[in-house]
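If you want the building blocks of each chain, they are given just below.
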Amino acid sequence: MRIVLLGYMGSGKTTVGKTLATDVDIDFIDLDDYIENSEGLSVAEIFASKGEIYFRKKEGEYLKMILSDKDNFVLSTGGGTPCYGDNMNAILEGTANVFYLKVSIKELTERLLKEKEHRPLIKNIADTDLPDFIGKHLFERTLFYERAHHNVYCDNKTSEKITNEIKKLLV
Ligand SMILES: Nc1ncnc2c1ncn2[C@@H]1O[C@H](COP(=O)(O)OP(=O)(O)O)[C@@H](O)[C@H]1O
Ligand SMILES: O=C(O)C1=C[C@@H](OP(=O)(O)O)[C@@H](O)[C@H](O)C1
Ligand SMILES: [Mg+2]
């Protein structure tokens, strides 16, 4: 079985992916971790030293490598993964279980205010500007996220509750 989780930064893809993979007893792959291990640099370091375009190129390559090499996994993507190149088509072609973890701007802002430092796209945005930035960015990306097979509403739910909801939808 292949399961792919999509969603904005801070929507819980990494957290829920781990819980879900343990629960259904298949491998967990976090695309950002995979990129970091393969490149020997953190995502923040890649953005800083090689730039976002290099990151997007590698993100697409590693995504396709995983999709062509492996079966039986939960893959937590990065927030931008489905929004570049032909990544979303590649995800949908190879996967029957694609979920969009949908979180409100308010909850995303609360979560990301605590975690800005690890995320190069929002690191330099003033805290007061963050809700506006997230709102606009999410609006642009929703078109891609909503091609998932299911939208999972995640506000005020624990990762265990979200995992259980996803499990009921698996085919
Ligand atoms: N269901 C949840 N409820 C509350 N906080 C959560 C939930 N899932 C994740 N978080 C928190 O939100 C932040 C971002 O989670 P993460 O899994 O890294 O998201 P993503 O991989 O989508 O960027 C972390 O601090 C994490 O602990
Ligand atoms: O939304 C994005 O474009 C990004 C999201 C990050 O992953 P998370 O969604 O896990 O934070 C990471 O891939 C990189 O910082 C870019
Ligand atoms: Mg993540």
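Residues numbered from 1 in each chain as written. Chains lettered and ligands numbered in written order. Predicted model: local features only at pLDDT ≥ 70, side-chain atom pairs only at ≥ 80, totals over all residues. Heavy atoms only, no water.

Here we take up the site of ligand 1. In the neighbourhood of ligand 1, 15 residues make up the surrounding shell, with Lys 13, Thr 14, Thr 15, Glu 115 and Lys 157 lying closest. The separation between an oxygen atom of ligand 1 and a polar main-chain atom of Ser 11 is 3.3 Å. Within the side chain of Thr 15, one N or O atom sits 2.5 Å away from an oxygen atom of ligand 1. When ligand 1 sits alone it has 560 Å² of accessible area, and the protein chains cover 73% of it. (Near = heavy atom within 4 Å. Polar contact = N/O pair within 3.5 Å; in protein donor to acceptor, adjacent residues only side chain to side chain. Areas by Shrake-Rupley, 256 points an atom, 1.4 Å probe, with all protein chains shown as cover.)

With that settled, consider the site of ligand 2. Within the structure, ligand 2 sits among 13 residues, and Lys 13, Asp 32, Arg 56, Arg 119 and Arg 141 are positioned closest to it. The separation between an oxygen atom of ligand 2 and a polar main-chain atom of Gly 79 is 2.8 Å. One of the side-chain N or O atoms of Arg 119 is found 2.8 Å from an oxygen atom in ligand 2. Relative to its unbound accessible area of 390 Å², ligand 2 is 96% covered by the protein chains. Placement of ligand 2 is best described as lying within the largest pocket. Split into classes, the residues belonging to the shell around ligand 2 amount to five nonpolar, three polar and five charged. (1 Å grid on protein atoms, 1.4 Å probe; cavity = no way out; pocket = protein on both sides within 12 Å on 5 of 7 lines; lining within 4 Å. Sits in = over half its atoms within 2 Å of the grid points. Nonpolar A, V, L, I, M, F, W, Y, C, P; charged D, E, K, R; others polar.)

Its place among the elements puts Arg 2 in strand S1 (residues 2–6). With relative accessibility at 13%, the residue Arg 2 sits in the buried group. A polar side-chain atom of Arg 2 sits 2.9 Å from the main-chain carbonyl oxygen of Gly 94. If we skip the residues at most four places from it in the chain, Arg 2 touches Ile 66, Leu 67, Lys 70, Asp 71, Asn 72, Phe 73, Gly 94, Thr 95, Ala 96 and Asn 97. (Helix = DSSP H or I, 4+ residues; strand = E, 2+ residues; numbered from the N terminus. Buried < 20%, exposed > 50% of the residue type's maximum accessible area, 1.4 Å probe, protein only. Contact = heavy atoms within 4.5 Å.)

A few words on the layout of surface pockets. Size it by volume and the largest pocket reaches roughly 800 Å³. Taken together, 40 residues make up the lining of the largest pocket; nearest its centre are Gly 10, Thr 14, Asp 32, Glu 115 and Arg 119. Put simply, the parts of the chain that give the lining of the largest pocket at least two residues each are helix H1 (13–24), helix H2 (31–39), helix H3 (43–50), helix H4 (52–69), helix H6 (105–113) and helix H8 (159–169). Among the elements that take part in the lining of the largest pocket, H1 stands out by supplying five residues, more than any other. Tallied by class, residues from the lining of the largest pocket come to twelve nonpolar, 13 polar and 15 charged. (Points joined across faces, edges and corners; volume = space filled by probe spheres on them.)

Now for the nonpolar core. Nonpolar side chains tend to gather and get buried jointly when the protein is soluble and globular. By size, the foremost hydrophobic cluster in this structure holds 47 residues, and its most contacted members are Leu 5 and Ile 166. The biggest single contributor to this core is H4, with five residues. When residues no more than four places from it in sequence are discounted, the contact partners of Ile 166 are Leu 5, Val 16, Leu 20, Phe 99, Leu 101 and Val 152. (Core = buried A, V, L, I, M, F, W, Y, C linked by side-chain atoms within 4.5 Å.)

This part covers the packing of H4 against helix H5 (residues 87–94). Working note: a packed helix pair is described by the angle between its axes plus the distance between those axes. It is the contact of H4 with H5, at a shortest axis distance of 10 Å, that shows an interaxial angle of 10°. The angle between H4 and H5 places the two elements in the roughly parallel class. On H5, the residues that touch Gly 60, Leu 63, Lys 64 and Leu 67 of H4 are Asn 87, Ala 90 and Ile 91. (Axes fitted to C-alpha atoms, helices over the stretch in contact; angles between N-to-C directions. Parallel < 35°, antiparallel > 145°, perpendicular 65-115°, else oblique.)

That is the geometry; function is a separate question.
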